[in-house]
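What follows is each chain in one-letter form.
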Amino acid sequence: MPDPYAVLGVAATATDRELAAAFRRRVREVHPDAPGGDGDRFAAVVAAYELLRDPRRRAEFDRRTRGVPVPVRRHSARKTDVPDVRAGPVRHHQS
C-alpha cells in the first residue's frame, strides 16, 4: 500500500479534522462517477482514510514505517516485591 499520508495529501501530523477534509477533497477528485475519476485511486483514498482515522491503526502504522515511538501498556509479570498500588492492599500468602 502506498503511503496513506501521501495519498490524502496531508502531513503525518495532520489532525482528525484535517484528515476528514483531505479525504472529502480527494474523493471528489477521484470518484469513479466524477469526470476523470479513477476507481483504483478512489479505493486507495478510501483505504488510506480508513487506516488513518483509526487511532490504533494509525499509531501502529507510524511506529512500523516511521519509527515513531508509540506508548504501549504492557501487562507483564510483576515483581512480587513491588506491590501494584492500584490493586489495593497487598496480601502475602504464607507457603
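Everything quoted here is computed from the prediction, not taken from an experiment.

Enquirer: Tell me what's going on with the overall build of the chain, and back it up with residues and numbers.
Expert: For the chain, the helix and strand inventory stands at four helices and zero strands. A buried classification covers 22% of the 95 residues belonging to the chain. For the chain, restricting intrachain contacts to residue pairs at least 6 apart in sequence, the fraction spanning at least 24 positions comes to 43%. Carbon and sulfur atoms form 52% of the exposed surface of the chain, whose accessible area is close to 7600 Å².

Enquirer: Summarise the nonpolar core; cite the residues concerned and give the values.
Expert: One finds Leu8, Val10, Leu19, Phe23, Val45, Tyr49 and Leu52 to be the most contacted residues of the largest nonpolar core, which totals 17 residues. It is helix 2 (residues 16-30) that contributes the most residues to this core, six residues altogether.

Enquirer: Could you give an account of the packing of aromatic side chains, naming the residues involved and the relevant values?
Expert: Enumeration over the complete set of coordinates arrives at two aromatic pairs. Both rings, one in Tyr5 and one in Phe61, keep their centres 6.2 Å apart while their planes meet at 50°; by these two values the pair is tilted. Residue Tyr5 is located in helix 1 (residues 4-8), and its partner Phe61 is located in helix 4 (residues 55-66); the two are separated by 56 residues in the primary sequence. In this pair, the class of Tyr5 matches that of Phe61, namely buried. Summarising the aromatic geometry, the rings of Phe23 and Tyr49 are spaced 4.2 Å apart at their centres and angled 15° between planes, so their arrangement reads as stacked. Taken together, the residues span a long stretch of sequence, with Phe23 in helix 2 and Tyr49 in helix 3 (residues 39-53) at a distance of 26 residues.

Enquirer: Tell me what's going on with the pattern of salt bridges, and back it up with residues and numbers.
Expert: Across all of its chains, the model carries four salt bridges by this definition. For Glu50, the salt bridge identified is with Arg53, shortest N-O distance 3.6 Å. Here the residue Glu50 and the residue Arg53 both occupy positions in helix 3, the gap between them amounting to three residues, near one helical turn. Since its relative accessible area comes to 32%, Glu50 is described here as partly exposed. By relative accessible area, which is 47% here, Arg53 ends up partly exposed. As a salt-bridge pair, Arg64 and Glu60 come within 3.5 Å of each other at their nearest N and O atoms. Remark: Glu60 and Arg64 occur in helix 4; sequence separation between them is four residues, near one turn of the helix. Overall, Arg64 belongs to the exposed group, its relative accessible area being 54%. Three or more residues joined by partner-sharing salt bridges are found here, namely Glu60, Arg63 and Arg64.

Conventions and cut-offs
- Residues numbered from 1 in each chain as written.
- Predicted model: local features only at pLDDT ≥ 70, side-chain atom pairs only at ≥ 80, totals over all residues.
- Heavy atoms only, no water.
- Helix = DSSP H or I, 4+ residues; strand = E, 2+ residues; numbered from the N terminus.
- Buried < 20%, exposed > 50% of the residue type's maximum accessible area, 1.4 Å probe, protein only.
- Contact = heavy atoms within 4.5 Å.
- Areas by Shrake-Rupley, 256 points an atom, 1.4 Å probe, with all protein chains shown as cover.
- Core = buried A, V, L, I, M, F, W, Y, C linked by side-chain atoms within 4.5 Å.
- Phe/Tyr/Trp six-rings, centres within 6.5 Å; stacked < 30°, edge-to-face > 60°.
- Salt bridge = Lys/Arg side-chain N within 4 Å of Asp/Glu carboxyl O.

Honestly, it's all geometry; don't read function into it.
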